[in-house]
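Structure at a glance
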Amino acid sequence: MLISDALDGILARALNQTSELGARLDSYGDILTYLTTPLAVWWLFPDIVQAEKNYILAALFLYILPAFFALYKFGKLASYHTWITKFSALLMSSGVVVLLLFHEPLLFHIAVWFLALECIENIAITLIIPKQESDIHTIFHALALRRTDT
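Just so we're clear, the structure is a prediction, and the values are computed from it rather than from any experiment. Sequence order as written defines residue numbering, which begins from 1 separately in each chain. Given that the model is predicted, a residue must reach a pLDDT of at least 70 before its local features are reported, and side-chain atom pairs must reach 80 or more before they are shown or counted; all residues, however, enter totals for whole chains, interfaces and linings. To get the side-chain values, all heavy atoms of the structure are used, and hydrogens and water are removed first.

**Side note on the overall build of the chain**
- If you tally the helices and strands in the chain, you get seven helices and zero strands.
- We compute the radius of gyration from the C-alpha atoms alone; for a globule the expected value is 2.2 Å times N to the 0.38, where N is the number of residues. Its C-alpha atoms give the chain a radius of gyration of 16 Å, within 12% of the compact-globule value 15 Å for 150 residues.
- In terms of overall dimensions, the chain has C-alpha extents of about 50 × 30 × 25 Å along its principal axes.
- Relative to its 150 residues, the chain shows a buried fraction of 37%.
- By the convention used here, residues are in contact when the closest approach between their heavy atoms is within 4.5 Å. Taking the intrachain contacts of the chain between residues at least 6 apart in sequence as the baseline, contacts between residues at least 24 apart amount to 68%.
- Of the roughly 9400 Å² of accessible surface on the chain, 73% is carried by carbon and sulfur atoms.
- One way to put it: in the chain the 9 positive side-chain charges average out to a point 11 Å from where the 13 negative ones average out. A helix here means a DSSP run of H or I that spans at least four residues, while a strand means a run of E at least two residues long, and both kinds are numbered starting from the N terminus. Under the scheme applied here, a residue whose accessible area is under 20% of the maximum for its type counts as buried, over 50% as exposed, and between as partly exposed, the area being computed with a 1.4 Å probe on protein chains only. Residue-level accessible areas treat just the shown protein chains as cover; the underlying method is Shrake-Rupley with a 1.4 Å probe. Only four residue types enter the tally: Lys and Arg on the positive side, Asp and Glu on the negative side, with His and both chain ends excluded. We put the charge of a Lys on NZ, of an Arg on CZ, of an Asp on CG and of a Glu on CD.

**Points about the packing of helix H6 (residues 106-128) against helix H7 (residues 139-149)**
- At a closest axis distance of 9 Å, the pairing of H6 and H7 adopts a crossing angle of 0 degrees. Our classification of the angle between H6 and H7 gives roughly parallel. Here H6 contributes Glu121, Ala124, Ile125 and Ile128 to the contact with H7, which in turn contributes Ile139, Ala142, Leu143 and Arg146.
- Residues were grouped as follows: Ala, Val, Leu, Ile, Met, Phe, Trp, Tyr, Cys and Pro as nonpolar; Asp, Glu, Lys and Arg as charged; and all remaining residues, including Gly, as polar. Grouping the constituent residues of the contact of H6 with H7 by class yields six nonpolar, no polar and two charged. Interaxial angle, 0 to 180 degrees, is taken between N-to-C directions of lines fitted to C-alpha atoms, where a helix line uses only the stretch in contact. Between 65 and 115 degrees an angle is taken as roughly perpendicular, under 35 as roughly parallel, over 145 as roughly antiparallel, and anywhere else as oblique.

**Thoughts on helix H4 (residues 53-74)**
- One less than the number of residues in a helix, times 1.5 Å, gives the span that helix is expected to have. The end-to-end C-alpha separation of H4 is 32 Å, in line with the 32 Å expected for 22 residues at 1.5 Å each.
- What H4 keeps buried is the set Ile56, Ala59, Leu62, Tyr63, Pro66, Ala67, Ala70 and Phe74.
- The elements touched by buried residues of H4 are helix H2 (20-44), helix H3 (46-51), helix H5 (83-102) and H6.
- Phi for Gly75, located one or two positions after H4, is positive at around 80 degrees.

Listed below in structure tokens is the structure:
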């Protein structure tokens, strides 16, 4: 899933097939993946879920919180596709795989803490930009957008 998620964006940009709708659909697919993965893990690995429930709940909260800010301000979900979000997805996916295959939680724990940084940046971007935009790579891009809009 992670490989296809990474490749679809690369292919869309290489073929000049990017759009606001495509960015939004990509974000919706990501949200569905993030929300259904814990349910699948709970069904297949209930002992790990029990042991890691605090980190799992924190991760779910950190994924959902920025969405509420975007919904409140813009009336729709954000599709920023920040660099930190891409790195965070790679780190989280790796952490989950290591946790499930080797029962080693350290990388997953690090990923959740990194997810907190992603959450902060995404909320900050929402607060900074005056109107909903897609593909904002960093908070610095959001600040530049705000300067050009004022």
